[in-house]
Amino acid sequence: MTLAAPAHKRILLKLSGEALMGDDAFGINRATIVRMVEEIAEVTRMGVQVAVVIGGGNIFRGVAGGSVGMDRATADYMGMLATVMNALALADAMDKQGLIARVMSAIGIEQVVEPYVRPKALQYLEEGKVVVFAAGTGNPFFTTDTAAALRGAEIGAEVVLKATKVDGVYTADPKKDPTATRYTKLTFDEAMSRNLGILDATAFALCRDQKLPIRVFSIVKHGALKRVVMGEDEGTLVYA
């Protein structure tokens, strides 16, 4: 029996910092991060090249009160450092799962992680290593959504996978409206006209211009990442 081949060879997985919290108020929930890494390990062992962009909301949330009135650029740099902490935790969990992970930061902290260098990132992916991109784009005023779109385009990812707590994009908030239905597919233009807010405007425009599809899916749903990679009907696909 021949096993089906994955539908995607190289993916960019966007994880929010909040996804690492589990049911905690902030910080990193160990059981949650281990479960996520198990899902990533499963697709990596299928031969899929995986790059990850991680947010920092779970850590920054703990200091958000102190950032009120702070200079926006300063607050954004604090957020970037939070993503580095998350990336280190993610890479450590991957190492314990038998994966080889490399953290690459958009801001220079060479004593902790290596700097982002595109050819090196591509080499790691070809070698089967998981590359975790930290510190966003390295610039204030840009979100980690934009970093995901940018890195996805740079590494030639076939799709940007936005991992959320909801299993796709719905016509309305499914928690509030029981009649809400999930979109299986949307064009970029349809998503824009319906103001669905799938990614922030800069990230969305970059994906649209580069014809880089986005798939929104639930990271808390067991096996969802594998089903996405296999091309099954999971989540919502946004395409050109």
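What you see is a predicted model; the values in this text were computed from it and never measured.

Caption draft 1: The arrangement of the overall build of the protein chain in detail. The secondary structure content of the protein chain amounts to 8 helices and 11 strands. Rg of the C-alpha trace for the protein chain: 17 Å, near the compact-globule value of 18 Å for 240 residues, within the 12% margin. On the principal axes, the C-alpha backbone points of the protein chain span a range of 45 × 45 × 35 Å. Counting the 240 residues in the protein chain, one finds 49% classified as buried. Partitioning the intrachain contacts of the protein chain with sequence separation of at least 6 by distance along the chain shows that 73% fall at a separation of at least 24. Element-wise, carbon and sulfur atoms account for 54% of the exposed surface of the protein chain, whose accessible area totals about 11300 Å².

Caption draft 2: Seen up close, the environment of D233. Along the chain, the position of D233 falls in the loop between α8 (224-229) and β11 (236-239). Under the relative-accessibility criterion, D233 is labelled exposed at 53%. Measuring from C-alpha to C-alpha, the distance between D233 and T83 comes to 31 Å, with 150 residues separating the pair along the chain. Here the side chain of D233 touches R182 through a polar contact of 3.4 Å, side chain to side chain.

Caption draft 3: Quick look at the packing of aromatic side chains. The full count for this structure, using the stated rule, is 2 aromatic pairs. Look at Y116 and F133: their rings are 5.4 Å apart centre to centre, the planes differ by 85°, and that puts the pair in the edge-to-face class. Highlighted residues: Y116 in the loop between β4 (114-115) and α4 (118-126) and F133 in strand β5 (residues 130-134), separated in sequence by 17 residues. Since its relative accessible area comes to 2%, F133 is described here as buried. Where F188 meets F204, the ring centres are 5.2 Å apart and the plane angle is 75°; that geometry is what we call edge-to-face. With F188 in helix α6 (residues 188-193) and F204 in helix α7 (residues 201-209), the pair connects residues that are 16 residues apart, well separated along the chain. Above the face of the Y124 ring, R102 is positioned so that its terminal group lies 5.7 Å from the ring centre. We note R151 situated over the ring of Y116; from NZ or CZ to the ring centre the distance is 3.8 Å.

Scoring rules and cut-offs
- Residues numbered from 1 in each chain as written.
- Predicted model: local features only at pLDDT ≥ 70, side-chain atom pairs only at ≥ 80, totals over all residues.
- Heavy atoms only, no water.
- Helix = DSSP H or I, 4+ residues; strand = E, 2+ residues; numbered from the N terminus.
- Rg over C-alpha atoms; globule rule 2.2 N^0.38 Å.
- Buried < 20%, exposed > 50% of the residue type's maximum accessible area, 1.4 Å probe, protein only.
- Contact = heavy atoms within 4.5 Å.
- Areas by Shrake-Rupley, 256 points an atom, 1.4 Å probe, with all protein chains shown as cover.
- Polar contact = N/O pair within 3.5 Å; in protein donor to acceptor, adjacent residues only side chain to side chain.
- Phe/Tyr/Trp six-rings, centres within 6.5 Å; stacked < 30°, edge-to-face > 60°.
- Lys NZ or Arg CZ within 6 Å of the ring centre and 35° of its normal.

Purely geometric numbers; function is a separate question.
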